[in-house]
Amino acid sequence: MESRCENCIIRQFNSLRAMSKEELKKVSDTKTTKKVKKGEPIFQEGEKLNGVFCVRDGVSKLSKLSANGKDQIVKLATKGEVLGQRSVIAEECTNLSAIAVSDMEVCFIPKESINTTLQKNPNFTLEVLRHMAHDLKEADDVIVNMSQKTVKQRIAEAFLYLKNNFGEDDDGFLALTLSREDISNVVGTATESAIRIISEFKKKGLIHTSGKKVGIKNERKLVELVEGF
């Protein structure tokens, strides 16, 4: 049975929580839920979207293709996040691609539902603005990080971020497994550099690995590295 928006707990994490019961019912009647396999796109950069995607389950990477043909991962979007909001409201093509990094379930909400509510419900408009402002702040932090931290610091920070946000599995590895290429695209470096630094971290006993999986062995040392000690 497909979950109704008005009964969905996940909307508490996003701007849909400011909708009235009636508005949510309308959204629920028009939305469609779909499964996205790991590695599949939800949408590609430059696409015209006819609505937004609410993440019910799983993780997506939002990335932009740079001039040299390398992807820069801007953020990882998880349960509760709404993808495509900016382009739908601005009536522009998407600035980023959204690709599943784990199996996902997303709800597609047609833009009419969003636009109608934006015009009629000031609380919802304010909530959307808040979320966009938060995204802008995050983007500012990414820019500062890129320019002021070394690649080593950024990789250490990425591992800590993955642990704090997605947790660990029963064997002590990070629950969200990113490929070495994805890790390099998160921190903005060549894949070879990322691989070299990861094996250096391993030699120093900061992390342990098994195939693609990475586990944090010495969190305190990683934190010190990030903070520049």
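Looking up the chain in an unreviewed UniProt entry gives the name Crp/Fnr family transcriptional regulator, with the organism given as Flagellimonas hymeniacidonis.

K.L.:
Which residues make up the packing of aromatic side chains, and what are the values?
P.N.:
On inspection of all chains with the given rule, the structure shows 3 aromatic pairs. Pairing Phe53 with Phe108 gives two aromatic rings, centres 5.1 Å apart and planes at 50°, and the pair type is tilted. Of this pair, Phe53 sits in strand β3 (residues 51-57) while Phe108 sits in strand β8 (residues 104-110), placing them 55 residues apart in sequence. For the pair Phe53 and Phe108, one class covers both residues: buried. Ring geometry for Tyr161 against Phe166: centres 6.3 Å apart, planes inclined by 75°, an arrangement best described as edge-to-face. Under the relative-accessibility criterion, Tyr161 is labelled partly exposed at 37%. Taking relative accessible area as the criterion, Phe166 reaches 19% and is therefore assigned buried. One aromatic cluster is present, built from ring pairs that chain together Phe43, Phe53 and Phe108.

K.L.:
Describe unusual backbone geometry, listing the residues and the values that go with them.
P.N.:
Here Glu91, not a glycine, exhibits a phi torsion of approximately 55°, which is positive. Structurally, Glu91 is set in the loop between α2 (85-90) and β7 (97-100).

K.L.:
Can you tell me about the sheet that holds β3, naming the residues and giving the values?
P.N.:
Reading across from one edge, β1-β8-β3-β6 is the order of the 4 strands in this open sheet, with antiparallel pairing throughout. The sheet terminates laterally at β1 (32-36) and β6 (82-83), the two strands that pair on one side only. Here β1 pairs with β8 via 5 bridges, running antiparallel. Looking at β8, one finds that Lys34 is bridged to Val106. Most of the contacts of helix α3 (residues 111-120) go to β8, to which it runs at about 60°, and overall it touches β3 and β8.

K.L.:
Hey, could you go over the state of the cysteines for me, with residue numbers and the actual values?
P.N.:
Counted under the stated rule, the structure contains 0 disulfides. Not part of a disulfide, Cys54 finds its nearest cysteine sulfur in Cys107, a span of 5.9 Å. For Cys54, a relative accessible area of 7% gives the class buried.

K.L.:
Please give an account of the confidence of the model for the chain that cites residues and values.
P.N.:
With 99% of its residues at a pLDDT of 70 or more, the chain has an overall mean of 91. In the model of the chain, helix α4 (residues 122-148) stands out as the element of lowest mean pLDDT, 89, in contrast to strand β2 (residues 41-43), which has the highest, 97.

K.L.:
Account for the pairing of β8, naming residues and giving values.
P.N.:
Judged by how many residues are buried, β8 sits mostly within the fold: 7 of 7 residues are covered. On β8, burial covers both faces: Met104, Val106, Phe108 and Pro110 on one face and Glu105, Cys107 and Ile109 on the other are all buried.

K.L.:
Go over the sheet that holds strand β4 (residues 60-65), please, and point to the residues and values.
P.N.:
The strand order across the open sheet built from 4 strands is β2-β7-β4-β5, with neighbouring strands paired in antiparallel fashion. Of all strands in the sheet, those bounded by a partner on one side alone are β2 and β5 (71-77). Looking at each pair of strands side by side, their axes are set apart by 30° on average, direction ignored. Both β4 and β5 contribute to a ladder of 6 bridges, which runs antiparallel. Paired with Ser63 across the strands is Ile73, a residue of β5. Seen against the sheet, helix α6 (residues 180-187) touches β4 and β5 and runs at an angle of roughly 95° to β5.

Calculation criteria
Residues numbered from 1 in each chain as written. Predicted model: local features only at pLDDT ≥ 70, side-chain atom pairs only at ≥ 80, totals over all residues. Heavy atoms only, no water. Phe/Tyr/Trp six-rings, centres within 6.5 Å; stacked < 30°, edge-to-face > 60°. Helix = DSSP H or I, 4+ residues; strand = E, 2+ residues; numbered from the N terminus. Buried < 20%, exposed > 50% of the residue type's maximum accessible area, 1.4 Å probe, protein only. Pairing = 2+ DSSP bridges. Contact = heavy atoms within 4.5 Å. Axes fitted to C-alpha atoms, helices over the stretch in contact; angles between N-to-C directions. Disulfide = S-S within 2.5 Å. pLDDT = per-residue confidence, 0-100.

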